[in-house]
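Summary of the model geometry
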Amino acid sequence: MRAGRRLFPLLLLALLPGLCHGRESAPGAVTCGSVLKLLNTRHSVRLHSHEVKYGSGSGQQSVTGVEASDDANSYWRIRGKSDSSCQRGTPVKCGQAIRLTHVNTGKNLHTHHFPSPLSNNQEVSAFGDDGEGDDLDFWIVQCSGTYWEREDAVRFKHVGTEVFLSITGEQYGHPIRGQREVHGMPAANHHNYWKAMEGVFIKPSLDPAKHDEL
């Protein structure tokens, strides 16, 4: 295991000074720069990636769903289409295009016209280096209000191919036995709702040191 992975939970807690522990009665909006885990509400698994490549399709880094809530490979950073379009601590608006960058590998959540290995839907991968990929890394946050609220289930619609980030329950065998396939589906349905879970949420403030742990 890489040293960075072992240290990540400690680094997350030390990310910024002055943690505010516990969940607030009104959690508020998800903000740019926040690091979080995303739960698929239908299948109760968290969006996950790791240094395991697909054996078919694009051959890029695989993206899966895992049941464990304490896996450090399930953290994603919220970023804009460009860093200037999603300044640290700014609430993410419904309808805004974002990037989801996998914290431990620096690759972006990505999809393209390759079939997924189990369900033959659209493959979802992790792509790029140090947070920089291409224009197939952009996802629109679909929610019902003004902002993406931490307590609400939302959808992620891919800008380039118009599929929804989804899980329908197919499970992998070796070497990632029991993990679920993540893929893109053309229709909005109950398989593509996601909710913000554990993480460090940067508070909307002029003071960049303010953030909240959930």
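Quantities reported herein were computed from a predicted structural model and do not represent experimental measurements.

So, the packing of aromatic side chains
The description of an aromatic ring pair rests on the distance of the ring centres and on the angle between the ring planes. Summed over all chains, the structure comprises 1 aromatic pair. When the ring centre of Tyr75 is taken as reference, the NZ or CZ atom of Lys37 above it lies at 4.6 Å. One cation-aromatic arrangement involves Arg155 over Tyr193; the distance from NZ or CZ to the ring centre is 4.0 Å.

Focus on the state of the cysteines
According to the stated counting rule, one finds 2 disulfides in the structure shown. Between Cys32 and Cys86 runs a disulfide, and the two sulfur atoms are separated by 1.8 Å. With the S-S bond torsion at -95°, the cross-link from Cys32 to Cys86 turns out left-handed. In this pair, Cys32 sits in the loop between α1 (3-13) and β1 (35-40) while Cys86 sits in the loop between β4 (76-80) and β5 (97-102), placing the two residues 54 residues apart along the sequence. Note on accessibility: Cys32 and Cys86 belong to one class, buried. Covalently, Cys94 is tied to Cys143 through a disulfide, its sulfur atoms 1.9 Å apart. One quick way to see it: the torsion about the S-S bond of Cys94 and Cys143 is about -120°, and its sign makes the bridge left-handed.

A short note on the confidence of the model for the protein chain
Here the protein chain averages 87 in pLDDT, and 83% of its residues register 70 or above. This model gives residues 1-26 a pLDDT under 50, and the stretch forms 41 contacts once residues within four places in sequence are excluded.

Quick look at the pairing of β5
Of all 6 residues in β5, 6 are buried; the element is thus mostly enclosed. Where burial is concerned, the two faces of β5 agree: the one with Ala97, Arg99 and Thr101 and the one with Ile98, Leu100 and His102 are both buried. Relative to β5, β4 runs antiparallel, the two being bridged by 5 bridges. Residue Trp76 lies in a different strand from β5, and its bridge partner there is His102. Pairing between β5 and strand β8 (residues 139-142): 2 bridges, direction antiparallel. Residue pairing for β8: Ile98 is matched across the bridge by Trp139.

Comments concerning the nonpolar core
Judged by nonpolar contacts, the single largest core of 30 residues is most densely connected at Leu47, Val63, Leu109, Trp148, Phe156 and Leu165. Per-element tally for this core: the top contributor is strand β13 (residues 194-202), with 3 residues.

Overview of the pattern of salt bridges
Enumeration over the complete set of coordinates arrives at 5 salt bridges. For Glu67, the salt bridge is made with Arg180, and the minimal N-O distance between the two is 3.0 Å. Here Glu67 is found in the loop between β3 (61-66) and β4, whereas its partner Arg180 is found in strand β11 (residues 180-181), with 113 residues between them in sequence. Residue class for Glu67 comes out exposed when judged on its relative accessible area of 57%. By relative accessible area, which is 10% here, Arg180 ends up buried. In this structure, Glu132 engages Arg79 in a salt bridge whose closest nitrogen and oxygen atoms are separated by 3.1 Å. Here the residue Glu132 occupies a position in the loop between β7 (122-127) and β8, and Arg79 occupies one in strand β4, the gap between them amounting to 53 residues. Taking the relative accessible area as the measure of exposure, Glu132 reaches 48% and is therefore partly exposed. One network of salt bridges, in which partners are shared, links Arg79, Arg99 and Glu132.

Some details on unusual backbone geometry
Here the residue pair His174 and Pro175 is connected by a cis peptide bond, since its omega of 5° sits within 30 degrees of zero. One non-glycine residue, Asn120, lies in the positive phi region at around 65°. Structurally, the position occupied by Asn120 is in the loop between β6 (108-115) and β7. Residue Asn120 is classed as exposed on the basis of its relative accessible area, which comes to 60%. A positive phi is found at Glu162, a non-glycine position, where the angle reads about 65°. You can see Glu162 is positioned in the loop between β9 (153-158) and β10 (164-166).

Rules used throughout
Residues numbered from 1 in each chain as written. Predicted model: local features only at pLDDT ≥ 70, side-chain atom pairs only at ≥ 80, totals over all residues. Heavy atoms only, no water. Phe/Tyr/Trp six-rings, centres within 6.5 Å; stacked < 30°, edge-to-face > 60°. Lys NZ or Arg CZ within 6 Å of the ring centre and 35° of its normal. Disulfide = S-S within 2.5 Å. Helix = DSSP H or I, 4+ residues; strand = E, 2+ residues; numbered from the N terminus. Buried < 20%, exposed > 50% of the residue type's maximum accessible area, 1.4 Å probe, protein only. pLDDT = per-residue confidence, 0-100. Contact = heavy atoms within 4.5 Å. Pairing = 2+ DSSP bridges. Core = buried A, V, L, I, M, F, W, Y, C linked by side-chain atoms within 4.5 Å. Salt bridge = Lys/Arg side-chain N within 4 Å of Asp/Glu carboxyl O.

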